[in-house]
Amino acid sequence: MPTQNIALTPIGKVNSPYKQKFVIPRQANLASSAAGTIELDSGFSDIDCLRAIEQFSHLWIVYLFHQTATQGWTNTVQPPRLGGKKKVGVFSSRSPFRPNPIGISAVKYIEHYKKNGRLYIKIGGLDLLDGTPILDIK
Ligand code: SAH
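## Remarks on the pattern of salt bridges
And then number 1: In total, this model carries four salt bridges according to the counting rule given.
And then number 2: The partner of D130 in a salt bridge is K19, with the nearest N and O atoms 3.5 Å apart. Taken together, the positions of D130 in the loop between β7 (118-124) and β8 (133-137) and K19 in the loop between β1 (12-15) and β2 (35-40) put the pair 111 residues apart, joining distant regions of the chain.
And then number 3: With a shortest N-O distance of 2.9 Å, D136 and K138 are connected by a salt bridge.

## Focus on the side chain of D127
And then number 1: Assignment of secondary structure puts D127 in the loop between β7 and β8.
And then number 2: Notably, D127 is buried but unbridged: the nearest opposite-charge side chain belongs to R94, and the N-O separation is 7.3 Å.

## Some words on the site of the ligand
And then number 1: Looking at the ligand, there are 18 residues lining it, with H66, R94, I104, D127 and T132 nearest.
And then number 2: Within the backbone of Q67, a nitrogen or oxygen atom sits 3.2 Å from a nitrogen atom of the ligand.
And then number 3: If you list the elements that add at least two residues to the shell around the ligand, you get β3 (58-64) and β6 (102-115).
And then number 4: Residue composition of the shell around the ligand, by class: nine nonpolar, five polar and four charged.

## Let's talk about the environment of G36
And then number 1: Topologically, G36 is positioned in strand β2.
And then number 2: C-alpha separation for the pair G36 and N15, spaced 21 residues apart in sequence, amounts to 5.6 Å.
And then number 3: Excluding its chain neighbours within four sequence positions, the residues that come into contact with G36 are N15, I121, K122, I123 and L126.

## Observations regarding unusual backbone geometry
And then number 1: The phi dihedral of A52 is positive, around 75 degrees, even though this residue is not glycine.
And then number 2: Its place among the elements puts A52 in the loop between β2 and β3.
And then number 3: Classification of A52 as partly exposed rests on a relative accessible area of 31%.
And then number 4: Despite not being glycine, N116 has its phi angle at roughly 50 degrees, a positive value.
And then number 5: Counting through the fold element by element, N116 comes out in the loop between β6 and β7.

What counts, and where the lines are drawn
Residues numbered from 1 in each chain as written. Predicted model: local features only at pLDDT ≥ 70, side-chain atom pairs only at ≥ 80, totals over all residues. Heavy atoms only, no water. Salt bridge = Lys/Arg side-chain N within 4 Å of Asp/Glu carboxyl O. Helix = DSSP H or I, 4+ residues; strand = E, 2+ residues; numbered from the N terminus. Buried < 20%, exposed > 50% of the residue type's maximum accessible area, 1.4 Å probe, protein only. Lys, Arg positive; Asp, Glu negative; His and termini not counted. Near = heavy atom within 4 Å. Polar contact = N/O pair within 3.5 Å; in protein donor to acceptor, adjacent residues only side chain to side chain. Nonpolar A, V, L, I, M, F, W, Y, C, P; charged D, E, K, R; others polar. Contact = heavy atoms within 4.5 Å.

Note that every value here comes from positions in space, so none of it alone points to a role or purpose.
Put into structure tokens, the structure is as follows:
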């Protein structure tokens with residue numbers, strides 16, 4: 001497989017109460033009250049895709065920072081957790097502004113179900129915008 005350019009197809013999207021970026025808590029574990037769902041696309045509607053997932057308390061979600069993806073990146077960023085005063089390298093941060101706009105979050109697994117032919121996973125501890133494209137779940 002050529003590795004210079006990689007095309008990825010999202011497997012689904014997040015349904016989240018957060019409609020705007022600025023209201024989102026910055027770490028998944030700080031947002032323990034926010035629940036939402038992952039809605040899998042029609043190509044992943046077989047319940048076997050989620051077989052035995054209920055044995056886990058948490059899931060890793062890999063996603064696209066779609067709202068900021070076209071805004072580029074810089075070598076250094078000012079993480080809000082450092083008061084926005086100190087600059088650190090982009091790879092020493094979790095900034096959404098990165099060469100590949102891909103994020104990871106640990107979320108709490110609550111339950112999964114099928115509705116209108118689609119699979120949904122109810123999750124807690126969410127720090128993602130509504131509509132965030134999901135690339136993978138582990
Ligand atoms: N939980 C991960 C992600 C950190 S970045 C970690 O700890 O590594 C999380 C921030 O990304 C949120 O505070 C929000 O402001 C921003 N964000 C969430 N969804 C986004 C999206 N779809 N596009 C752009 N930014 C998003």
